[in-house]
Amino acid sequence: MFDVIIIGGGASGFYAAIHIAEADPGLKVAILEKGKNVLKKVSVSGGGRCNVTHGEFDPMVLTKNYPRGAKELLGPFYTHGPQETMHFFESRGVRLKTEEDGRVFPVSNSSQTIIDCFLNETQRLGIQIYRQSAVTSIEASATENNTDTVWKITTVKKQYLSKKLLVTAGSNPKIWKLLEGLGHSIVQPVPSLFTFNIKDERISGIPGVSTPAKVDVLPRQAFNPKITVDLKSRKNIKTLFSAEGPVLITHWGLSGPAILRLSAWGALKLHDSTYRFPIRVNWLPDYHQASVLSLLLEVKEVEGKKTVLRTKVVDIPKRLWTNLVKASGITNDGKWADATREQLQQLADQLTNSRFMVEGKSTFKDEFVTAGGVDLKEINFKTYESKLCKGLYFAGEIINVDAITGGFNFQNAWTGGYIAAMAITDELKK
């Protein structure tokens, strides 16, 4: 018999367990983990450096990074946000640093620092960790006085009883199914944070090229494989989603922060499109087509004897410039003086209005994030307790909250874990 059982040995599970045990050292706390290893996502986050949180301390601004859950997280972030998270780790000897883009990492640049912190704390506090303990059933039964619930959790190894149950099992379809059996609604999970698969000569052969760009997701009917310079028709096309930031050309298509943001905000619609949709890329996000065309026409007058291919006149990587020049119908040895107005208009179009057809997605490294989970309407965000089952709590990705990259998904885990921990200890004191 335990006071608290936590299903899921990930970030929010460990964070909650430590706060529960510190708030009341007399409580018996256990973590059930289905795999051999705990804290797997912590291990791979941030390329193995662990992007602990983001250095944005204003809850209103912070919530803008959550495609799902922004409204619900506002209050919780005032209670326990990035500042409190950073204090938690630093007070336990983990030195942190905030990088230029706001992402927070351990100074060691190693996720093992965070993992060791958690494992040391759970050992110090006497928290039990049961690995290879996949949960197969969750049952609730009333106590003799009918005022409290006792939870019976069955794993592949044995059964456990607990006064309170906290579910932090991440994107786990089997646990979602068990929660449905308790009456909860599960919002259909779909992938978030993925890269775009594109086969196109303009970006083939130049993997590793990265440059700032503005990317728009367009309605499917907006794709025309033929290059067109019909400005009027282009302006009338409605953009579904937009993002600006670094774009990385890969062996399989496009990635980078701007693409990942689009995949998060567009997760549901892009899933509905079966990941086949057109995008428009402006490789010069500070300029529009007309101003770029004016520049190219000026260069034609001034640098007429030089070849277009070797004279990069805008701030984009050389290899990308070469591919876009070729896509505009200008030959390898074509000189500026010989370039027709139509060719320069095509080049301006390629630089500011490149159209690509996305044909599928790829998971972003190991940092898989899912949009979907326990319906937010069924959770009390003052306590993270279920509105349907007394004594049942949630935290982390098990609920329908997800964020863009940058430490925001972890902050959701820390915040939920902390608030659930405080609510659980308060209830057990009654």
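Everything below is about the structure printed above this text.
Here's what I pulled together on the structure shown here. (Residues numbered from 1 in each chain as written. Predicted model: local features only at pLDDT ≥ 70, side-chain atom pairs only at ≥ 80, totals over all residues. Heavy atoms only, no water.)

1. Some remarks on the overall build of the chain
Inference 1: Counting its secondary structure elements, the chain contains 14 helices and 21 strands.
Inference 2: Across the 430 residues in the chain, those meeting the buried criterion constitute 54%.
Inference 3: Of all intrachain contacts in the chain linking residues separated by at least 6 positions in sequence, the fraction that spans at least 24 positions is 76%.
Inference 4: Here the chain displays about 19,200 Å² of accessible surface, and carbon together with sulfur accounts for 50% of that area.
Inference 5: With 54 positive and 43 negative side-chain charges, the chain shows a separation of 4 Å between the mean positions of the two kinds. (Helix = DSSP H or I, 4+ residues; strand = E, 2+ residues; numbered from the N terminus. Buried < 20%, exposed > 50% of the residue type's maximum accessible area, 1.4 Å probe, protein only. Contact = heavy atoms within 4.5 Å. Areas by Shrake-Rupley, 256 points an atom, 1.4 Å probe, with all protein chains shown as cover. Lys, Arg positive; Asp, Glu negative; His and termini not counted. Charge placed at Lys NZ, Arg CZ, Asp CG, Glu CD.)

2. Here's the deal with the environment of E33
Inference 1: Mapped onto the secondary structure, E33 falls in the loop between strand 2 (29-32) and helix 2 (40-48).
Inference 2: Here the alpha-carbon distance between E33 and A134, two residues 101 residues apart in the chain, equals 6.4 Å.
Inference 3: The contact partners of E33, leaving out residues within four places of it in the chain, are G8, G9, V38, K40, Y130, R131, Q132, S133 and A134.
Inference 4: A polar side-chain atom of E33 sits 2.9 Å from the main-chain amide nitrogen of G35.
Inference 5: Reaching out from E33, the side chain makes a polar contact with the side chain of K40 at a distance of 3.1 Å. (Polar contact = N/O pair within 3.5 Å; in protein donor to acceptor, adjacent residues only side chain to side chain.)

3. Some remarks on the nonpolar core
Inference 1: Residues I7, F89, F118, V167, I398 and I399 are the most contacted members of the largest nonpolar core, which totals 80 residues.
Inference 2: Looking at which element gives the most residues to this core, the answer is helix 14 (residues 408-429), with 10 residues.
Inference 3: Discounting residues that sit within four places of it in the chain, I7 has contacts with L32, V135, I138, I153, L165, L166, V167, T168, A169 and I175.
Inference 4: Counting 45 residues, the second largest nonpolar core, distinct from the first, contains L270, L309, V314 and A339. (Core = buried A, V, L, I, M, F, W, Y, C linked by side-chain atoms within 4.5 Å.)

4. Structural notes on helix 12 (residues 318-327)
Because each turn of an α-helix spans 3.6 residues, side chains separated by three or four positions end up pointing in the same direction.
Inference 1: Of all the residues in helix 12, the buried ones are L320, W321, T322, N323, L324 and V325.
Inference 2: Just downstream of helix 12 lies G329, where phi reads positive at about 85 degrees.

5. Overview of the packing of aromatic side chains
Inference 1: Within this structure, the stated rule accounts for 20 aromatic pairs.
Inference 2: Ring geometry for Y15 and F89: centres 6.4 Å apart, planes at 40 degrees, overall tilted. Placement of Y15 in helix 1 (residues 11-23) and of F89 in helix 5 (residues 82-90) is noted, with a sequence separation of 74 residues between them. In terms of burial, Y15 and F89 fall into one category: buried. (Phe/Tyr/Trp six-rings, centres within 6.5 Å; stacked < 30°, edge-to-face > 60°.)

6. Brief notes about unusual backbone geometry
Inference 1: Phi at N109 is positive, roughly 60 degrees, even though this residue is not glycine.
Inference 2: Position of N109 relative to the elements: it lies in the loop between strand 5 (103-106) and helix 6 (111-125).
Inference 3: What makes N109 partly exposed here is its relative accessible area of 32%.
Inference 4: Unlike most non-glycine residues, Y384 shows phi in positive territory, near 65 degrees.

7. Examining the pattern of salt bridges
Inference 1: Within this structure, the stated rule accounts for 23 salt bridges.
Inference 2: Note that E180 and K177 form a salt bridge whose closest N and O atoms lie 3.9 Å from each other. Placement of both E180 and K177 in helix 7 (residues 173-181) is noted, with a separation of three residues, approximately one turn of the helix.
Inference 3: For K177, a relative accessible area of 58% corresponds to the exposed category.
Inference 4: E427 is the partner of K390 in a salt bridge, and the nearest nitrogen-oxygen pair spans 3.6 Å. Remark: E427 occurs in helix 14 and K390 occurs in the loop between strand 20 (385-386) and strand 21 (392-394); sequence separation between them is 37 residues. (Salt bridge = Lys/Arg side-chain N within 4 Å of Asp/Glu carboxyl O.)

8. Some details on the pairing of strand 8 (residues 149-155)
Inference 1: With five of its seven residues buried, strand 8 lies for the most part within the structure.
Inference 2: Across four bridges, strand 8 lies against strand 9 (residues 159-167) in antiparallel orientation. Residue pairing across strands places W151 opposite S162, the latter belonging to strand 9.
Inference 3: Between strand 8 and strand 9, which pair antiparallel in sequence order, lie three residues. (Pairing = 2+ DSSP bridges.)

9. A closer look at the packing of helix 2 against helix 6
Inference 1: Running from N to C, helix 2 and helix 6 point in directions that differ by 155 degrees, and their axes come no closer than 8 Å. Of the possible angle classes, the one that applies to helix 2 and helix 6 is roughly antiparallel. As for how helix 2 packs across helix 6, the hand of that crossing is right-handed. Across the interface between the two elements, V42, S43 and G48 of helix 2 pack against S111, I114 and I115 of helix 6. (Axes fitted to C-alpha atoms, helices over the stretch in contact; angles between N-to-C directions. Parallel < 35°, antiparallel > 145°, perpendicular 65-115°, else oblique. Left-handed = near helix turned anticlockwise from the far one by under 90°.)

10. Remarks on the sheet that holds strand 14 (residues 253-255)
Inference 1: In space, the seven strands of this open sheet follow the order 16-15-12-13-14-11-17, with antiparallel pairing throughout. Since the sheet does not close on itself, it has two edges, and those belong to strand 16 (354-359) and strand 17 (361-363), each with one partner. Put simply, the sheet's adjacent strands are angled 40 degrees from each other on average, direction ignored.
Inference 2: Examined bridge by bridge, strand 13 (residues 241-249) and strand 14 share two bridges and lie antiparallel to one another. Across the sheet, I249 pairs through a bridge with L254, a residue of strand 14.
Inference 3: Contacts from helix 9 (residues 257-265) reach strand 11 (194-197), strand 12 (210-217), strand 13 and strand 14, with the element oriented near 140 degrees to strand 13.

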